[in-house]
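As a plain string of letters, each chain reads:
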Amino acid sequence: AVIAEANEVGMETRAAFMLGLPKETPEMGRKTIDFAIELNPTYAIFYATHPRRGTELYDTAQMYGMLLSKEYKGMSRVTFLPSTYESPEQLSKMIQFAYRRFYLRPKIVLKTLARIKAWRDFHEFWLATWLYIGLSDFWAPGRRIIDNIRSPSRGEVPLERSEEADLDTRTM
């Protein structure tokens, strides 16, 4: 109700959702995504659950899943896998699905494009689309073709991207 009222008067709203909680099934994850869409905040963030040592969630997580890493690796990196998910990849795909399902609704795309007023806005939109919604996967085949065209021939060892950047800055 609060988000709906805020949306009515034109306020931006944000909501965060955790996926991959202990005992959560993929079906429950999809219901969380449906709930995010029903709430309809301006922005939604979908996090992979990361239980921290010393918390009740950490103790519960040890009973109902597998800690893949004790280090926090970013909001969408899977560090805990509930026993109800088959693999870390399945949970990662659920998070990507959440972003796509939430942000690629026609009404949201149009509203987002309407908010672009400057280059910085466009840059943030493109970055979010690329990273969170996962359109980098969409462009991957084209990227491989470009990489193959750019790769050296006759057995030369290709440079890493960071080395290419270093060379570019040294030649300026």
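Before reading on, note that the structure itself is shown above.
All residue numbers refer to positions counted from 1 along the written sequence of the respective chain. At least 70 in pLDDT is required for a residue's local features to be given in this predicted model, at least 80 for side-chain atom pairs to be given and counted, and no such filter applies to totals for whole chains, interfaces and linings, which use all residues. Each side-chain value is worked out from all heavy atoms of the structure, with water and hydrogens disregarded.

The subject of this paragraph is the environment of Pro 26. Position of Pro 26 relative to the elements: it lies in helix H2 (residues 26–39). For every residue, the accessible area (1.4 Å probe, protein chains only) is compared with the maximum for its type, and the residue is labelled buried under 20%, exposed over 50%, or partly exposed between those bounds. A relative accessible area of 15% places Pro 26 in the buried class. In this structure the C-alpha to C-alpha distance between Pro 26 and Gln 90, which are 64 residues apart in sequence, comes to 8.6 Å. Contacts are residue-level and defined by heavy atoms, with any inter-residue pair within 4.5 Å sufficient. Setting aside residues no more than four positions away along its own chain, Pro 26 makes contact with Thr 84, Tyr 85, Gln 90 and Met 94. Note on conventions: DSSP H or I runs of at least 4 residues are helices, E runs of at least 2 residues are strands, and numbering of each starts at the N terminus.

Turning our eyes to something else, we now look at helix H4 (residues 88–103). Given a helix with a known number of residues, its expected span is that number minus one, times 1.5 Å. With 16 residues, H4 should cover 22 Å at 1.5 Å per step; its first-to-last C-alpha distance of 23 Å lies within 8% of that length. All of the buried residues in H4 are Leu 91, Met 94, Ile 95, Gln 96, Ala 98, Tyr 99, Phe 102 and Tyr 103.

Let us now look at unusual backbone geometry. Even without being glycine, Lys 23 reaches a positive phi, approximately 75°. With respect to the secondary-structure elements, Lys 23 resides in the loop between strand S1 (14–19) and H2. Looking at Lys 23, the relative accessible area reads 47%, which means it is partly exposed. Unusually for a residue other than glycine, Asn 40 sits at a positive phi of about 60°.

Once that is clear, we can look at a nonpolar patch on the surface. Residues Trp 119, Phe 122 and Trp 126 make up a contiguous nonpolar surface patch of about 360 Å² in total accessible area. Relative to the elements of secondary structure, Trp 119 occurs in helix H6 (residues 119–133). Residues enter a patch when their relative accessible area is above 30% and they make no salt bridge; the linking distance is 9 Å between like charges and 5 Å between nonpolar side chains (Val, Leu, Ile, Met, Phe, Trp, Tyr). Method for areas: the Shrake-Rupley scheme with a 1.4 Å probe, in which residue coverage is limited to the protein chains shown. Take a side-chain nitrogen of Lys or Arg and a carboxyl oxygen of Asp or Glu: if they are within 4 Å of each other, that pair is a salt bridge.

So, about the pattern of salt bridges. Per the counting criterion, the structure on display carries three salt bridges. Salt-bridge contacts for Glu 12 lead to Arg 14; the nearest nitrogen and oxygen are separated by 3.7 Å. Using a relative accessible area of 61% as the deciding quantity, one classes Arg 14 as exposed. We note a salt bridge from Asp 34 to Arg 101, for which the minimum N-O separation is 2.5 Å. Taken together, the positions of Asp 34 in helix H2 and Arg 101 in helix H4 put the pair 67 residues apart, joining distant regions of the chain. We classify Arg 101 as partly exposed; its relative accessible area is 36%.

Further remarks concern the nonpolar core. The nonpolar side chains of a soluble globular protein tend to be buried, and buried together. Joining through side-chain atoms within 4.5 Å is the link that ties buried Ala, Val, Leu, Ile, Met, Phe, Trp, Tyr and Cys residues into a set, and such a set is a nonpolar core. Counting residues in each nonpolar core, the largest one holds 20 residues, and the members touching the most others are Leu 19, Phe 46 and Phe 102. Contributing elements (two or more residues each) for this core: S1, H2, strand S2 (43–48) and H4. In terms of residue count, H4 provides more of this core than any other element does, seven residues in total.

A few words on the packing of aromatic side chains. Stacked, edge-to-face and tilted labels apply to pairs of Phe, Tyr and Trp rings (six-membered ring for Trp) whose centres lie within 6.5 Å, assigned for plane angles under 30 degrees, over 60, and everything in between, in that order. Scanning the entire structure with this criterion turns up seven aromatic pairs. Between the aromatic rings of Phe 17 and Phe 46, the centroid separation amounts to 5.5 Å while the plane-to-plane angle is 25°, which identifies the pairing as stacked. With a gap of 29 residues between them, Phe 17 in strand S1 and Phe 46 in strand S2 connect regions that are remote in the sequence. A ring pair is formed by Phe 46 and Phe 102, whose centres lie 6.3 Å apart and whose planes are at 65°; its orientation type is edge-to-face. Of the two residues, Phe 46 is situated in strand S2 and Phe 102 in helix H4; the sequence distance between them amounts to 56 residues. Given a relative accessible area of 0%, Phe 46 falls into the buried group. A network of ring pairs unites the aromatic residues Phe 17, Phe 35, Phe 46, Tyr 99, Phe 102 and Tyr 103 as a single cluster. Consider the ring centre and the ring normal. A charge sits over the ring if Lys NZ or Arg CZ is within 6 Å of that centre and within 35 degrees of that normal. Sitting above the plane of the Phe 102 ring, Arg 105 keeps its charged end 4.6 Å from the centroid.

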